[in-house]
Amino acid sequence: MFIGIGYGQDFHHKGLDSIYTHYQNSISNKTLAGVESLLILNDSVIWHQAQGYADVATKTLLQPNSIYYIQSMTKPIISVAIMQLVERGLVKLDDPIEMYIPEAKNLRVAINPDLGEDSPTQELIRSLTILDLLTHASGLSHGLGDSELDKQLFKALYDETLNYRSHKTIEDRVLTLLSFPLVAQPGTQWYYSAGADVLALILQRVSKQSISTYLKTNIFDPLGMEDTGYNLDELQTRRVMKLHSRNERNIVKRHEQQVPTSGNTIYGGTHGLFSTGDDYAQFCLMILHNGTWNGVQILKTETVKNIRTNHTTDLYNEPGAGFGLGFSVVLNPEKMNRPGGIGQLQWGGYFSTHFFIDPEKKAIGITLTQQMPGGEDINTPFQNEVYRALN
């Protein structure tokens, strides 16, 4: 199935036609269930396609603007919400987090994370700050690394079976996170972390609203993101792409477990949101246009400039890139092993969702599927062909 929405006058679309073929071959070979891809150039949708299946078990076709569990693409949204609080003078980037979460007062750092929770620990050299949380330089972990401490943390936060209801509230999950020692001293290392959950709890306590209500009122409704949230209604649930994985023969299958679409009570900052290509494009367009889109100001221009600025010096682990406030940012394209202009922002999610925002090219790209890690790489071929066409 193919949906195309025009081509820009100067856009060489043959590369994206080849992407359609590339994806279709993977679908035919049963290594990919389905994929939706979206390209916006100069504020116009010039490419939007959905192909393959929303559910390989029932052979339900994937439709444009299906709904996806976007996992870590939640993080940039929470980061924008925090920056709204900064603009309003309710928090400061250099505030120590114990100002809002007193439970964080007695954190310690593991000397040897390979020993897990049994590692000897040392005191913090300084408090964690909101800036540390936004930039993944806090010393907290996400539980995704190879150390024993990471493995123990992952099980405690998410359970080995990705049981998203192993905690009842965001407070529960954050306090579990803070009960573990850090993997590094604050500000000394870029280490991908669940710090966005701590940001979400700060957002809740400072705004005195539920995270879900705050995001809906201050970001989703103003931008017209009608299908974005932590819970879905019955009609929306019918549009959700199922989560897929691979069997022992490397053939794609519907995964044994699916993310609940209703009754969710953890409004996370690390993950938790469902969204669509169209909805997330509105969020990206707002960032591209310096905080204002469709006549609605979400952030001030100077705030978006700060978001796009590298705040991690040379700590970030990708050559040619740094990390801003909730997004990675391209600093030197010549050092990159992927395409992107100076200032390009991007991030992705655990189930193979991804976006980029390129202010230089005035381009936004979004690729969406639902598969467990280790599945088909849908983003790299898309970005390669997009930039080949743009250049």
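Keep in mind it's a predicted model, so treat the numbers as computed, not measured.

**A look at the pattern of salt bridges**
Then comes step 1: In this structure the tally under the stated criterion is 12 salt bridges.
Then comes step 2: Note that Arg254 and Asp55 form a salt bridge whose closest N and O atoms lie 2.8 Å from each other. Here the residue Arg254 occupies a position in strand β8 (residues 252-254), and Asp55 occupies one in strand β2 (residues 44-55), the gap between them amounting to 199 residues.
Then comes step 3: A relative accessible area of 5% means that Asp55 is categorised as buried.
Then comes step 4: For Glu318, the salt bridge is made with Arg338, and the minimal N-O distance between the two is 2.7 Å. Of the two residues, Glu318 sits in the loop between α10 (301-307) and β12 (321-323) while Arg338 sits in the loop between β13 (328-330) and β14 (345-349), which places them 20 residues apart along the sequence.
Then comes step 5: On the basis of relative accessibility, which here comes to 14%, the residue Glu318 falls in the buried class.
Then comes step 6: By relative accessible area, Arg338 is classed as buried at 18%.

**Details of the packing of helix α2 (residues 74-87) against helix α7 (residues 211-223)**
Then comes step 1: Interaxial distance between α2 and α7 falls to 11 Å at its minimum, and their mutual angle equals 80°. Between α2 and α7, the crossing angle belongs to the class labelled roughly perpendicular. Here α2 contributes Ile77, Ile78, Val80, Ala81, Gln84 and Leu85 to the contact with α7, which in turn contributes Ile211, Tyr214, Leu215, Asn218, Ile219 and Phe220.
Then comes step 2: For the contact of α2 with α7, the per-class residue count stands at 10 nonpolar, two polar and no charged.

**Looking at the side chain of Thr369**
Then comes step 1: Relative to the helices and strands, Thr369 resides in the loop between β16 (363-368) and α11 (379-390).
Then comes step 2: Engagement of the side chain of Thr369 in a polar contact is seen with the backbone oxygen of Gly34, the distance being 2.6 Å.
Then comes step 3: In contact with Thr369, not counting residues within four places along its chain, are Leu32, Gly34, Val35, Tyr68, Met241, Phe351, Ser352, Thr353 and Ile378.

**Considering the pairing of β14**
Then comes step 1: Counting buried residues along β14, five of its five residues qualify, which places the element largely inside the surrounding structure.
Then comes step 2: Burial along β14 is two-sided: the face carrying Leu345, Trp347 and Gly349 and the face carrying Gln346 and Gly348 are both buried.
Then comes step 3: Bridging between β13 and β14 involves two bridges; their strand directions are antiparallel. Residue pairing across strands places Val329 opposite Leu345, the latter belonging to β14.
Then comes step 4: As paired elements, β14 and strand β15 (residues 353-358) share five bridges and run antiparallel to each other. For Gln346, the partnering residue across the bridge sits in β15 and is Phe356.
Then comes step 5: With antiparallel pairing between neighbouring strands as the criterion, β14 and β15 make up a hairpin whose turn holds three residues, including Ser352 at a positive phi of roughly 70°.

How each quantity is defined
- Residues numbered from 1 in each chain as written.
- Predicted model: local features only at pLDDT ≥ 70, side-chain atom pairs only at ≥ 80, totals over all residues.
- Heavy atoms only, no water.
- Salt bridge = Lys/Arg side-chain N within 4 Å of Asp/Glu carboxyl O.
- Helix = DSSP H or I, 4+ residues; strand = E, 2+ residues; numbered from the N terminus.
- Buried < 20%, exposed > 50% of the residue type's maximum accessible area, 1.4 Å probe, protein only.
- Axes fitted to C-alpha atoms, helices over the stretch in contact; angles between N-to-C directions.
- Parallel < 35°, antiparallel > 145°, perpendicular 65-115°, else oblique.
- Contact = heavy atoms within 4.5 Å.
- Nonpolar A, V, L, I, M, F, W, Y, C, P; charged D, E, K, R; others polar.
- Polar contact = N/O pair within 3.5 Å; in protein donor to acceptor, adjacent residues only side chain to side chain.
- Pairing = 2+ DSSP bridges.

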